[in-house]
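# Analysis of the macromolecular model
Below are the chains, spelled out letter by letter.
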Amino acid sequence: MCSTKTPRILSVQSHVVSGYVGNKSATFPLQLLGFEVDAINSVQLSNHTGYKVFKGQILNDKDLDDLIDGLAQNGLDDYTHLLTGYIGSASFLKRVAVLVKTLKSKNLNLTYVCDPVMGDNGKMYVPEELKEIYKKEVVPLADVLTPNQYELELLTDQKVSNMTELQNAIKKLHQIGPQTVAVSSTDFILIKVDIPKIPATFTGSGDLFAALFLAHLYLQSDMKAIMEKTINSLYSVLLNTYEHYKVYADSEMQLAKNMELRLIQSKNSIENPEIRLFAESL
C-alpha cells in the first residue's frame, strides 16, 4: 500500500533510441503512476532486435560501477525500488547482484523487482552462463520475480505443463528468496484472468508488464486489484497497438515499426484503466 512519500525507482534495463522496449517501455508508465524513475541502460540500441538492422553499445560492469559511484557520491542512490530487466553480459549481471545488496543496505525496505529476461518459446537469447548467475546470485535477492513460463523452467530446472507443476515451481522459487512470483505467458495460473487473444506478437510487452506490476504492487492493497489494474492497462496498450497496426501497416518492411507499443497514445489507459477483464482466484 502506498505512503505519502514519492517512491523512487532505479530501473536497469535495455534502451532503444526509437521504439518502446526496456527502459523506454517502463519509464513513462511508472512516471504517469507517480513514481520518480532513474534509468540505467544496460544496452543502448538504435531500435529493438526485431528490425532487420540494429546497432548500438553494451555497458560493461565498469560502466555500471561509474554510474553508481556518481549517484552515491551525490547522495542520489536512496531508492524505494529496484527494477531490472534485460542484461546481456555475465559481468554486468554479477555487478547487479552487488548493486542490490548495496541499495538494500541503504534502505532495508527497498523492494527489488527482477524480470529475469533470458528467453521465450523454448529458446534462450542471452548467454547460457547468465542462467546460473540468476539462479545462484540474483534471484535469492529478489523480492518480486516476473519470469515467463520458459524462464520459470530455466530457473527451477523443471518442466511446467500443468497447474500442479506450476505450483511446485513457484514454491521452489519462494524457497530461494522471492516473496512474490508473477508468471507471464503461461496457460496455468493461480489467479485467473480471461484475456481475449490478440493475433499478434509484441516486443516490449514483458517489460511493460513488469513495470505495471511493480507499480500496482505498491499502489493497490490486494492481489486481485493488482492483477486487474496491471492486466487491463497492458491489454489496452496492446489492443491500441494492434488496432493502429491494422490501419497503418502498408508493407512487410514496416511491420516492426507499426507494432511499436502505443504507450503515449495509451496514457489514459495506464493512469486509469477501464476494468473489463476481471481476476478470479483459483
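Here we summarise the structure given alongside this text. The structure displayed is predicted, hence computed values, not measured ones.

## With respect to the overall build of the chain
- Scanning the chain for helices and strands turns up 10 helices and 11 strands.
- For a compact globule of 282 residues, the expected C-alpha radius of gyration is about 19 Å, and the chain comes in at 18 Å, within 12% of that figure.
- The dimensions of the chain, computed from C-alpha atoms along their principal axes, are 50 × 45 × 40 Å.
- Expressed as a percentage of its 282 residues, the buried residues of the chain come to 50%.
- When contacts within the chain are restricted to residue pairs at least 6 apart in sequence, those whose partners lie at least 24 apart make up 74%.

## Things to note about helix H1 (residues 22-32)
- Of all the residues in H1, the buried ones are Gly22, Asn23, Ser25, Ala26, Thr27, Pro29 and Leu30.
- Buried residues belonging to H1 abut strand E1 (8-16), strand E2 (36-45), strand E4 (81-84), helix H7 (205-219) and helix H10 (267-271).

## Quick look at the packing of H7 against helix H8 (residues 223-248)
- Contact geometry for H7 and H8: axes closest at 9 Å, N-to-C directions at 145°. In the packing of H7 onto H8, the handedness of the crossing is right-handed. Taken together, the residues of H8 that come into contact with H7 (itself represented by Ser205, Leu208, Phe209, Leu212, Phe213, His216 and Leu217) are Met223, Ile226, Met227, Lys229, Thr230, Ile231, Ser233, Leu234, Val237 and Leu238.

## Regarding the environment of Ala182
- Looking at the secondary structure, you find Ala182 in the loop between strand E9 (180-181) and strand E10 (191-193).
- Through-space distance from the C-alpha of Ala182 to that of Leu103 is 23 Å; in sequence the pair is 79 residues apart.
- Ignoring sequence-local partners within four residues, the contact set of Ala182 consists of Leu145, Thr146, Pro147, Phe209 and Phe213.

## Considering the pattern of salt bridges
- Taken as a whole, this structure holds 14 salt bridges when the rule is applied.
- One salt bridge connects Asp66 with Lys62, and the closest N-O pair in it is separated by 3.0 Å. Here Lys62 and Asp66 lie together in helix H2 (residues 61-73), a separation of four residues that amounts to about one turn.
- A salt bridge links Lys106 to Asp77, with the nearest nitrogen and oxygen atoms 3.3 Å apart. Placement of Lys106 in helix H3 (residues 90-106) and of Asp77 in the loop between H2 and E4 is noted, with a sequence separation of 29 residues between them.

Reading the values: rules and limits
- Along each chain, residues carry numbers from 1 onward, in the same order as the chain's sequence is written.
- For a predicted model such as this one, the threshold for reporting local features is a pLDDT of at least 70, and the threshold for listing and counting side-chain atom pairs is 80 or more; totals across whole chains, interfaces and linings nevertheless cover every residue.
- Neither water nor hydrogens contribute to the side-chain values; these are computed over all heavy atoms in the structure.
- Secondary structure counts use DSSP, requiring at least four H or I residues in a row for a helix and at least two E residues in a row for a strand, with both numbered from the N terminus.
- Based on C-alpha atoms, the radius of gyration is set beside the globule rule, defined as 2.2 Å times the residue count to the power 0.38.
- The buried label goes to any residue with under 20% of its type's maximum accessible area, the exposed label to any with over 50%, and the partly exposed label to all in between, with areas taken from a 1.4 Å probe on protein chains only.
- Whether two residues are in contact is decided by their heavy atoms: any pair within 4.5 Å suffices.
- Axis definition: a line fitted to C-alpha atoms, limited for helices to the stretch in contact. Angles are taken between N-to-C directions and run from 0 to 180 degrees.
- For any pair of crossing helices, the crossing counts as left-handed if the nearer helix is rotated counterclockwise from the farther one by less than a right angle, and right-handed if it is rotated clockwise.
- A carboxyl oxygen of Asp or Glu within 4 Å of a side-chain nitrogen of Lys or Arg is what we treat as a salt bridge.

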